[in-house]
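The primary structure of each chain is shown beneath.
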Amino acid sequence: MDISELKYISSELIVTVAATLALLSGVFSGKYILAKIISLVGIFIAFVFAIGLWFEPSTYAFYNTINANQFSIFFKLLILGTLFLVILGSYDYIEYFGKLKTEYLSLMMYSSVGMMLLPACNDFITAYISLELISLPLVAIIAMTKEEFSIEASLKFFIISAVSSAFLLYGIVLLYGFSGSTNFDIISHILSGTSLQSNVSIVIFSFFFILGGVGFKVGLVPFHMWVPDVYQGGPTPIVTFLSIASKSAGFALLIKIFLLIFEYTDWTYIIAVIAVITMTVGNAGALLQDNSKRLLGYSGIAHAGYILIGIACFSTVNNIDGQVAVIFYLFTYSFANLAAFYSLMSLSQSTNSYSIQSYAGSFFHNKISSIVLMLALISLIGLPPTSGFIGKLYLFNMAIKSELILLVLFGVLNSVLSSFYYLKVIRILFQSNSNIAPNSSNSSVLLNSVLISTGLAILIIGIYPDPVLQLVETVVSS
Amino acid sequence: MPKVISTMLTILIFLPILGSLLIPFIRSYTQCIKALAIIITFAELLLSIWIFSSFSLSTPGFQFVEKYDWVPTLGITYQLGVDGLSMPLVLLTTLLFVCAVSISFSVKDRIAEYFFWFLVLETSVLGVFLSLDLVLFFIFWELELIPMYFIISIWGSGRKEYSAMKFVIYTLFGSAFMLIGLLITGFSAGTFNIEELLKLPVSNSILSIAPVYVFLLFFIAFAIKLPTWPFHSWLPDAHTDAPTAGSVILAGVLIKMGGYGIIRICVQIFHQEAKTLSLLIVFLGTFSLIYGAIITFRQTDIKKLIAFSSVSHMGIVLLGISAYKSDIPEIASFGLQGAALQMFAHGTITGLLFLSIGLIYDRLHTRDISKLNGLVYRSPIISLFFVIGAMASLGLPGFSGFVAEITVFMAVFGVWTWFTVISVFAIVFTAGYLLWLIQRTVFGDDLGYDKDLPKLHSYEYVPALLLVASIIILGVYPNIIFEIFEQSIIPFVNNTTGV
């Protein structure tokens, strides 16, 4: 190993250093604002370094365990960007953390290091360690507000991520026993060389275990049970980050795993069935929710189902389109989800509740948050002119190309189903009668700027998606 | 062709939404908002008339075409164009929006948002009629839902939230199928562009699944919007609970999007399937015609009654479309023109009816037929408008509704004789329920329980007069509109029928 290979993980190193400095600054000066500036500057520098790596040719580093290409850098940028916006906008919320404000910052950054490594990993050991690095800090911050709900959520999250890690590990071990290696390239080589008949059950078994392990992280049915509870109980900024960055990283890993094994046998129908069940369960679960965060939890499950449609396209003619669909959908979903969670957070400051009914007439008190929330929900339904529409259009277009017409039918009908509960929230926001005190506090400039920028991103990508689509295409073909 | 700016249609589509963006800045000045809304809709009307005056009737094909690449990654273009089929519908849209905005001057609640959503709605409806790319068409089609959802659920009455949701879910359910249909078409034909699809033999073999299924996917979406039995049940609810201007737009132009879609996409692109499935179309048309007519007899709410009569009248559109099966080009084109004229006529007639019902409701605060008695003694002018609307609706000669119906029946008689015979009897029901309605509400005993109703404002009778004028002009001299339809329909029919 050459010391210069460290540059391929420079962003991760910078974020780690910044997180540690933020932690220390909290210990020695106790000023939250200092820690926040350190973290934001650190994230920004890491972002710049990641952009710098973008133009380098795709390489392997650290004995083939890290694959530095545009695919991984794209996810790095997505995760860093989300982290930046989450930290920037969470200023209002921070009071809930009491004395643990700086710890919140640094733990979130440690977790993001895992998320950034995951799309780059080229080895199951690295992948496993990254996943653990994601989960453990999150367990601590979910419990940080010390409310009953968050402690329960944290415990659930901890136990379930431990179980899912066990699943994943078991799958990895089976695959290792079969191929004698944990390296993606070697496994892929061996799998493509073997005939289908021999040892087929071991590979399918290990695939199911790995899918289960990653399925926990991204919230696929039947591994979704923790999602609504954790979303409801966890602090909003953390849940936002979890729902976007953790899901993106999880799907990045899922893409990589499928690229390994999709040639081995036809997974299309297995994935299609899981996709249909996941989106239907998510949407059906969301129909009757009154807690807005719980509703977004179920909606997150449904969206994981939609994204799986893209993965179901993998095993056919080409997998480039499927990957583009998945990544672009994740990208649009990230913006919409960030906007949705943060506008809910902003609205809930004046209502002191996450109950949907309590938002009645919010439009008259908090126009920016209400309009951004409306845009975000329209994007989550998948109606034009928002980015969510283009995401769904691309996804369904690719599935039609792969002749998965029935799967698309389920996907589209599920979008119709989802419009029930999203529109209900929108209607309540704009209701005439309101029970919010007129002098309720307004959200800060920082939060509003995050909201406005995400809202604009939803609209701009919805109206002129081509640059982003082309970017994603170059990412995938790298 | 007189000189017209090349981006005319883009301006026509996006002027309202640009105007709506000004509203947040003047939101506390209600008079300014109203002025802005009426100026913009009126400018739209003038613009569309200008476009119409430079429209060449002798040149077949789309005119004022604008074409740009929009999302090349997905092969989506931004293409607009107008032909003889869409031109009258564009005029209808701009005319009815002037009327709708004008009668909305009496709205008192949340004025800024109200006019904001109406302007957004105008953009989306014009976009549907003018886009020549399936994806663009779909985008405008879906864009219309959000404004209409707000208009019904905020400014409506009764079970407004339920009705608004029902409207959206029905349309979304239909567009789910349309999305699949258009993706299959776009993928197999290699283009989403309607102008190119019209030239391709889509009907034959280039689709990966049988084109009949793709036809049906589109047809479901449009049949829900039209609406035809058995997908009609959202319409009475949405109509009844929408505010007056909302009903005018809903009946006047939104449901015409369904008819336009059937002719433009189902018939013109999938013409072979339109002939094969003609029996389905004529059956649905006849059934809707009779079912809608019969069910009106049970209604006690005037708005609901008119809503069911819309279901019945849209059946005539389907009947006209079914005449396309004929091998004789004249009959086929006659049926399609009749269907298109029926859409235009129904737009103005039902617009007038809903407008006058709105005026009655504003003054008496009831729409219950049993409580409206002797209207003619209390407000002769509103009664006059209402009676003209009802007479035109039942197909009295001299009004545009008659011309449309007679054209459709003449065309379809040679193709589906027995269906026509049954349908013509339904016209008796139509006359029956409308005359009975007039007898119960407008005439009848003067119960004399209050004095004269408040006088009509100019913003109330001017739009009504505009609609009356268009109904009578088309009734007396329908050729002006047939000539426009012919520009689009005759070349199409000649290319696909007989020969």
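Residues numbered from 1 in each chain as written. Chains lettered and ligands numbered in written order. Predicted model: local features only at pLDDT ≥ 70, side-chain atom pairs only at ≥ 80, totals over all residues.

### Quick look at the overall build of chain A
For clarity, the threshold we go by: Going along the chain from the N terminus, every DSSP run of H or I of four or more residues is numbered as a helix, and every run of E of two or more is numbered as a strand. The globule rule used for comparison is 2.2 Å times the number of residues to the exponent 0.38, while the radius of gyration itself is calculated over C-alpha atoms.
From N to C terminus, chain A includes 18 helices and 2 strands. For chain A, the C-alpha radius of gyration of 21 Å lies close to 23 Å, the compact-globule estimate for 478 residues. Along the first, second and third principal axes, the C-alpha set of chain A runs to 70 × 55 × 40 Å.

### Some remarks on the overall build of chain B
The criterion, for reference: The contact criterion used here is simple: two residues whose C-beta atoms, placed from the backbone, lie within 7 Å are in contact.
Secondary structure assignment for chain B yields 21 helices and 2 strands. The C-alpha atoms of chain B give 21 Å as radius of gyration, which agrees with the globular expectation for 499 residues (23 Å, within 12%). Based on the C-alpha atoms only, the size of chain B along its principal axes is roughly 70 × 60 × 45 Å. Long-range contacts, defined here as pairs at least 24 residues apart, represent 80% of the contacts in chain B between residues at least 6 apart.

### Observations concerning the packing of helix H15 (residues 387–401) of chain A against helix H16 (residues 405–429) of chain A
Residue and element names in this part refer to chain A. Short version of the rule: Note on definitions: angles span 0 to 180 degrees between N-to-C directions of axes, and those axes are lines fitted to C-alpha atoms, for helices only across the stretch in contact. For classification purposes, an angle smaller than 35 degrees is called roughly parallel, one larger than 145 roughly antiparallel, one from 65 to 115 roughly perpendicular, and anything else oblique. In a left-handed crossing the near helix is turned counterclockwise from the far helix by less than a right angle, and in a right-handed crossing that turn is clockwise.
Where H15 contacts H16, the axes come no closer than 8 Å and their chain directions differ by 160°. Looking at the two axes, H15 sits roughly antiparallel to H16. When the axes of H15 and H16 are compared, the crossing they make is left-handed. Residues Lys392, Phe396, Ala399 and Ile400 of H15 touch H16, and the partners they reach there are Ile405, Leu407, Val408, Gly411, Val412 and Ser415.

### A few points about the nonpolar core
Residue and element names in this part refer to chain A. Where we set the bar: Joined through C-beta atoms within 7 Å, a set of buried Ala, Val, Leu, Ile, Met, Phe, Trp, Tyr and Cys residues constitutes a nonpolar core. Here a residue counts as buried when 20 or more other C-beta atoms sit within 10 Å of its C-beta, as exposed when there are 12 or fewer, and as partly exposed otherwise, the C-beta atoms being derived from the backbone.
Core analysis: the biggest nonpolar cluster contains 368 residues, and Ala312 and Ala339 have the highest contact counts within it. Top contributing element to this core by residue count: helix H13 (residues 320–351), with 19 residues. In contact with alanine 339, other than residues within four places in its own chain, are Val372, Leu375, Ala376, Leu451, Thr454, Gly455 and Ile458.

### A short note on helix H21 (residues 479–496) of chain B
Residue and element names in this part refer to chain B. Put simply, the rule reads: The span one expects for a helix is its residue count, reduced by one, times 1.5 Å. The bend at a residue is defined as the angle formed between two axes, one fitted to the seven residues ending at that residue and one fitted to the seven starting there.
Taking 1.5 Å per residue as the helical rise, H21 with its 18 residues ought to reach 26 Å, and the 24 Å between its terminal C-alpha atoms agrees with that figure. By the largest-angle criterion, glutamate 486 marks the main kink of H21, which is about 45°. Along H21, the residues that are buried comprise Ile481, Phe482, Ile484, Phe485, Gln487, Ser488, Ile489, Phe492 and Val493. Buried-residue contacts for H21 involve helix H3 (86–103), helix H15 (329–364) and helix H20 (458–476).

### A few points about the pairing of strand E1 (residues 63–71) of chain B
Residues and elements named next belong to chain B. To be explicit about the condition: At least two DSSP bridges between two strands are needed for those strands to be called paired.
In this structure, E1 lies alongside strand E2 (residues 76–82), joined through 6 bridges in antiparallel fashion. Looking at E2, one finds that valine 71 is bridged to isoleucine 76. The loop that links E1 with its antiparallel partner E2 comprises 4 residues; one of these, glycine 75, has a positive phi angle of about 70°.

### Thoughts on the interface of chain B and chain A
Going by this rule: Any residue that is not Ala, Val, Leu, Ile, Met, Phe, Trp, Tyr, Cys, Pro, Asp, Glu, Lys or Arg is counted as polar, Gly included; the first ten are nonpolar and the last four charged.
The interface of chain B with chain A comprises 26 residues on the first partner and 28 residues on the second. Secondary-structure elements contributing two or more residues to the side of chain B that touches chain A are helix H5 (134–143), helix H6 (145–155) and helix H7 (160–189) of chain B. The element that contributes the greatest number of residues to the side of chain B that touches chain A is H7 of chain B, accounting for 12 residues. A class-by-class count of the residues in the side of chain B that touches chain A yields 21 nonpolar, 3 polar and 2 charged.

### Quick notes on the packing of H5 of chain B against H7 of chain B
All names here are of chain B. Look at H5 against H7: their axes get within 10 Å of each other, and the N-to-C directions meet at 170°. As the angle between them shows, H5 and H7 are arranged roughly antiparallel. In this structure, H5 uses Leu134, Val135, Phe138, Trp141 and Glu142 to contact H7, whose residues at the interface are Ser175, Met178, Leu179, Leu182, Thr185 and Gly186. When its residues are assigned to classes, the contact of H5 with H7 shows 7 nonpolar, 3 polar and 1 charged.

### A few points about the environment of tryptophan 155 of chain B
Residue and element names in this part refer to chain B. Looking at the element boundaries, tryptophan 155 is found in helix H6. Tryptophan 155 gets classed as buried once you count the C-beta atoms within 10 Å, which come to 22. In this structure tryptophan 155 touches Val107, Asp109, Tyr114, Pro243 and Gly246, once residues within four positions along its chain are discounted.

### What to know about H16 of chain A
Across its 25 residues, H16 of chain A extends 36 Å between first and last C-alpha, which sits within 8% of the 36 Å expected from 1.5 Å per residue. At serine 419 of chain A, H16 of chain A shows its largest bend, some 30°.

### So, the environment of threonine 185 of chain B
Counting through the fold element by element, threonine 185 of chain B comes out in helix H7. As for threonine 185 of chain B and leucine 453 of chain B, which are separated by 268 residues in sequence, their C-alpha atoms are 56 Å apart.

### What to know about unusual backbone geometry
Of note, the bond from proline 384 of chain A into proline 385 of chain A is cis; its omega dihedral lies within 30 degrees of zero at 0°. Mapped onto the elements, proline 385 of chain A comes out in the loop between helix H14 (367–381) and H15. That bond from leucine 226 of chain B to proline 227 of chain B is cis: its omega, -10°, falls within 30 degrees of zero. In this structure, proline 227 of chain B sits in the loop between helix H9 (211–225) and helix H10 (234–241). Phi is positive for tyrosine 63 of chain A, which is not a glycine, with a value near 55°. Take tyrosine 63 of chain A: it is sitting in the loop between strand E1 (59–61) and strand E2 (66–68). A positive phi is found at phenylalanine 64 of chain B, a non-glycine position, where the angle reads about 55°. Given 22 C-beta atoms within a 10 Å radius, phenylalanine 64 of chain B is considered buried.

### Focus on the confidence of the model for chain B
Put simply, the rule reads: pLDDT gives the predictor's per-residue confidence on a scale running from 0 to 100.
Overall, the prediction assigns chain B a mean pLDDT of 86, with 96% of residues at 70 or greater. Predicted complex metrics record ipTM = 0.90 and pTM = 0.92.

### Topic: the environment of proline 230 of chain B
Residues and elements named next belong to chain B. Structurally, proline 230 is set in the loop between H9 and H10. Residue proline 230 is classed as exposed on the basis of its 12 C-beta neighbours within 10 Å. Sequence separation between proline 230 and leucine 183 is 47 residues, and the spatial gap between their C-alpha atoms is 26 Å.

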